[in-house]
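Each chain is listed here by its residues.
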Amino acid sequence: MGRRRSAAAQPRQPLPSQAMSAAAAAAAPGGSEALQAEAFQRLYPDQYLAKFVAQGVRPDGRPLALPRATSIGLGVVTTADASALVKIGSTTVLAGAKCEVMPASADEPDKGRLVVQVEMAPLCSAECRPGRPSEAAQALGEQLGALMEGAGVVDRRQLCIDAGKAAWAVYLDLYVLDADGSLYDACLLAALATLASLRLHAVTVDDAGRIHKAGEDGAAAAPAAVAQQRPGSQQQGAAPPLRSLQLDCQPVSLTCGVYRGQLLVDPTAEEEPLLEALLTATVDEQGDVLGFYKAGGSATASQQRVLECIEAAKMRGKEVRGLLQQALEAAGVADGGAVAAGS
Amino acid sequence: MEYVSPEGLRLDGRRPKELRQLKAQLDVLSTADGSALFEMGNTKVLAAVFGPKPTELRSQEDEKRAIIRCEYAMAAFSTGERRRRGKSDRRATEITKAIRNTLEQTIMTELLPRSQIDIYVQVLQADGGTRCACINAAFLALAVAAVPMRDVVAACAAGYLDSTALLDLNYMEDAGGGPDVVVAVHPNHSNRVVLLQQDNRVAVETFEEVMELAVAGCRAVADFMRGRLLEHTRALAAARAAGEDGGGGGGAAMEGDSGEELEDDEY
């Protein structure tokens, strides 16, 4: 959308206007109609959407209750310990996790850390500006972090290496590359996919109490031990043992918008500002509610509405977990704890 | 450390004068006017262009030409060690400036007075040569956004290790301590050099050799990018011929029109 918006906002720029009139002239008679529809959409976005919704469809051709096509790609960034690229329609989020060894904290000596950060890269939409992280990005990060902690997605005791001494800090960075609505859903799915495919390195503690990831320089102790047990095996050939993360639940969320008494599922960036209220329901695989978010909006939500949204989220959860399972199997990491928890 | 084996192969198995595998996907983002994902081996860069549009700040407006704004950022997980790169990062600022200056010389800013073009580059995965990959990605995104340009601008690095000139260094080679020459050229204007960066002690003869190799690399990169742009334009033209110009197709075709021919001054 931004493309067309900016093309029209440049009266002094000869190129697009020429091209536009050329396109209008060259195209079939339908071309100018398309242009008129575009002008109508820009001038009266609310009426434009209302005309669609009255017919039970959305401007992108979806029925009101259908979420957009979703895809999950795992292991797309090789420099990260785990990564996932999630697309919901054209909303795109790239998540990457990096694990670092940290000294155990005094408050929670037997727990590691999970830090979730959301960054909206300035290239994600025409409205984003470089500079300080936007309010939306910070809010998303906080919401996701609170969900991970509150719903107990990852038991952080798994991140303990040596109680009171060392633990893992997992940094989960989410980059919104294309912001086309329902960002929370896409971010949560990317976070979940990344954590489900994350493998923690085996570690060794040397005499000086320093900790090394197995397979890295200075971690000679572990492979040597392995080699002693199995004299036949080659030191280099032995793959460093990796531990998968046990996820206690698999949260999936769905955002619904209220528009003129109707519920629009998985709204796009074009629809979002026109909606009267946005409801986001997060459910786990049993269908229990892990979170619900409705921040203001001009419409209030009845209990009925809330339940409708939760029902839709449950349906969506089944679909999305299926996709995640497929992606994990395709990436060959499906044997882990995430699956056990999911079944 | 041995950077070139006795058989003449490098750490990643390439020959000294071999580029890494190049990949480009155009128009990958829905909201940007132009965007491109460019890969040189394991280095992955995403670039997006917004504009040309009216200048946001009146005070920055230039009556004679367009202003170019540029922002370079690295994903926290893009490098081996996770590092929080602040916005005030000096290295990022320097790269931003190099990219902006290169593109200012390439875009025909004088045709777009009082306007502004925003260029954002995001490094998703870094394995040496991010600077070059960024310039190439930004060029592709600009071309997709139909911004008029003087020429293709292609960037490539070359270095010198183990008495051998090496093209397109990866991270390991970059860290090898030899000279690293970054060049960006306009290949259709007798290889006019737009950007040249080199910060290491090096003999003049060596420098010449390395520079020559880097320019040859740029030409190869330029050919690759031109090919991808032509392919992209043909696909758009085919889509339009197939009558796909309802709402969305109309915009795409419009941009394809002028997108094709930025290469030479046709104005």
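Keep in mind that this is a model prediction, so the values were computed, not measured.

Now for unusual backbone geometry. A cis amide bond links Gly51(B) with the next residue in sequence, Pro52(B), at an omega value of 0 degrees. The residue Pro52(B) is located in strand 3 (residues 43–54) in this model. The phi dihedral of Asp266(A) is positive, around 50 degrees, even though this residue is not glycine. Positionally, Asp266(A) belongs in the loop between strand 12 (262–265) and strand 13 (277–283). Residue classification places Asp266(A) among the buried positions, given a relative accessible area of 1%. At Ser190(B), a residue that is not glycine, the phi angle is positive and equals roughly 40 degrees. Its location among the elements puts Ser190(B) in the loop between strand 8 (180–186) and strand 9 (192–198).

What follows covers the packing of helix 2 (residues 130–144) of chain B against helix 4 (residues 204–241) of chain B. Residue and element names in this part refer to chain B. Packing of helix 2 against helix 4 brings their axes to within 11 Å, and their N-to-C directions diverge by 30 degrees. Put simply, helix 2 runs roughly parallel to helix 4. Once helix 2 is placed against helix 4, the crossing between them reads as right-handed. Contact residues: Asn136, Phe139, Leu140, Ala143 and Val144 in helix 2; Val221, Met225, Leu229 and His232 in helix 4.

Let's shift gears to the sheet that holds strand 14 (residues 289–293) of chain A. All names here are of chain A. Taken in spatial order, the four strands make up an open sheet running 12-11-13-14, and their pairing is antiparallel. Of all strands in the sheet, those with a lone pairing partner are strand 12 and strand 14, marking the two edges. Looking at each pair of strands side by side, their axes are set apart by 25 degrees on average, direction ignored. One ladder, built from four bridges, connects strand 11 (residues 252–259) with strand 12; its direction is antiparallel. Note on strand 12: the bridge partner recorded for Val258 is Leu263.

Moving on: the sheet that holds strand 4 (residues 67–74) of chain B. All names here are of chain B. Taking strand neighbours across the sheet as the criterion, the five strands line up as 1-2-3-5-4 in an open arrangement whose pairing is mixed. Two strands close off the open sheet at either side, each with one partner strand: strand 1 (22–26) and strand 4. Averaged over all neighbouring strand pairs, the angle between strand axes comes to 15 degrees, with direction disregarded. With nine bridges connecting them, strand 3 and strand 5 (residues 115–125) associate as antiparallel partners.

A cluster of like negative charges, contributed by Glu205(B), Glu208(B), Glu209(B) and Glu212(B), occupies part of the molecular surface. Relative to the helices and strands, Glu208(B) resides in helix 4.

Turning next to the domain arrangement of chain A. Residue and element names in this part refer to chain A. Segmentation of chain A into domains returns domain 1 (70–246 + 322–330) and domain 2 (252–318). In this complex, domain 1 contributes 14 residues to the contact, which on the side of domain 2 involves 16 residues. Around 1100 Å² of area is buried between domain 1 and domain 2 when both sides are counted, 48% of it from carbon and sulfur atoms. Our count for the contact surface shared by domain 1 and domain 2 stands at eight residue pairs in polar contact (both at pLDDT 80 or more). Top element by residues in the side of domain 1 that touches domain 2 is helix 6 (residues 183–197). It accounts for four residues. Residues belonging to the side of domain 1 that touches domain 2 are distributed by class as follows: seven nonpolar, five polar and two charged.

Next up on the list: the packing of aromatic side chains. The final tally for this structure, using the stated rule, is six aromatic pairs over all chains. Residues Tyr175(A) and Phe77(B) carry aromatic rings whose centres are separated by 5.5 Å and whose planes lie at 90 degrees to one another, so their mutual orientation is edge-to-face. One end of the pair, Tyr175(A), is in strand 6 (residues 166–178); the other, Phe77(B), is in the loop between strand 4 and helix 1 (90–104), on a second chain. For Phe77(B), a relative accessible area of 0% gives the class buried.

A few words on helix 8 (residues 303–330) of chain A. Every α-helix carries 3.6 residues per turn, so stepping three or four residues along brings you back to the same face. All names here are of chain A. Along its 28 residues, helix 8 runs 40 Å from first to last C-alpha, staying within 8% of the 40 Å computed at 1.5 Å per residue. Every buried residue of helix 8 is accounted for by Arg305, Cys309, Ile310, Ala312, Ala313, Arg316, Gly317, Val320, Arg321, Leu324, Ala327 and Leu328. Positive phi shows up at Gly332, right after helix 8, with a value of about 70 degrees.

What follows covers the environment of Ala190(A). Residue and element names in this part refer to chain A. Examined against the element boundaries, Ala190 turns out to sit in helix 6. The class of Ala190 is buried, set by a relative accessible area of 0%. The contact partners of Ala190, leaving out residues within four places of it in the chain, are Ala84, Val86, Val93, Ala95 and Leu174.

Turning next to the pairing of strand 11 of chain A. Residues and elements named next belong to chain A. Burial of strand 11 is extensive: eight of the eight residues sit out of reach of the surface. Residues Val252, Leu254, Cys256 and Val258 point to one face of strand 11 and Ser253, Thr255, Gly257 and Tyr259 to the other, with burial holding for every one of them. As defined by bridge partners, strand 11 adjoins strand 13 across seven bridges and the pair is classed as antiparallel. Within strand 13, the residue paired with Cys256 across the bridge is Leu279. The hairpin formed by strand 11 and strand 12 contains two residues between the paired strands, and Arg260 there has a positive phi angle of roughly 45 degrees.

The next point concerns the packing of helix 5 (residues 135–150) of chain A against helix 6 of chain A. Residue and element names in this part refer to chain A. Two elements in contact, helix 5 and helix 6, have axes separated by 11 Å at closest approach and are oriented at 50 degrees. The orientation of helix 5 relative to helix 6 falls into the category oblique. The crossing of helix 5 and helix 6 is right-handed. From helix 5, Leu140, Gln143, Leu144, Leu147 and Met148 reach across to helix 6, where they touch Leu183, Tyr184, Cys187, Leu188, Ala191 and Leu195. In terms of residue class, the contact of helix 5 with helix 6 is built from ten nonpolar, one polar and no charged.

Residue and element names in this part refer to chain B. Its 15 residues give helix 1 an end-to-end C-alpha distance of 21 Å, which sits within 8% of 21 Å, the value for a rise of 1.5 Å per residue. Among all positions of helix 1, only Ala92, Ile95, Thr96, Ala98, Ile99, Thr102 and Leu103 are buried. The buried residues of helix 1 occupy an angular sector of 165 degrees when the element is viewed end-on, so they sit on one face.

What counts and what doesn't
Residues numbered from 1 in each chain as written. Chains lettered and ligands numbered in written order. Predicted model: local features only at pLDDT ≥ 70, side-chain atom pairs only at ≥ 80, totals over all residues. Heavy atoms only, no water. Helix = DSSP H or I, 4+ residues; strand = E, 2+ residues; numbered from the N terminus. Buried < 20%, exposed > 50% of the residue type's maximum accessible area, 1.4 Å probe, protein only. Axes fitted to C-alpha atoms, helices over the stretch in contact; angles between N-to-C directions. Parallel < 35°, antiparallel > 145°, perpendicular 65-115°, else oblique. Left-handed = near helix turned anticlockwise from the far one by under 90°. Contact = heavy atoms within 4.5 Å. Pairing = 2+ DSSP bridges. Patch = residues over 30% accessible without salt bridge, like charges linked within 9 Å, V, L, I, M, F, W, Y side chains within 5 Å. Areas by Shrake-Rupley, 256 points an atom, 1.4 Å probe, with all protein chains shown as cover. Salt bridge = Lys/Arg side-chain N within 4 Å of Asp/Glu carboxyl O. Lys, Arg positive; Asp, Glu negative; His and termini not counted. Charge placed at Lys NZ, Arg CZ, Asp CG, Glu CD. Domains from an automatic or database assignment. Buried area = accessible area lost by both parts, 1.4 Å probe. Polar contact = N/O pair within 3.5 Å; in protein donor to acceptor, adjacent residues only side chain to side chain. Nonpolar A, V, L, I, M, F, W, Y, C, P; charged D, E, K, R; others polar. Phe/Tyr/Trp six-rings, centres within 6.5 Å; stacked < 30°, edge-to-face > 60°. Expected span 1.5 Å × (residues − 1). Arc of directions from axis to C-beta.

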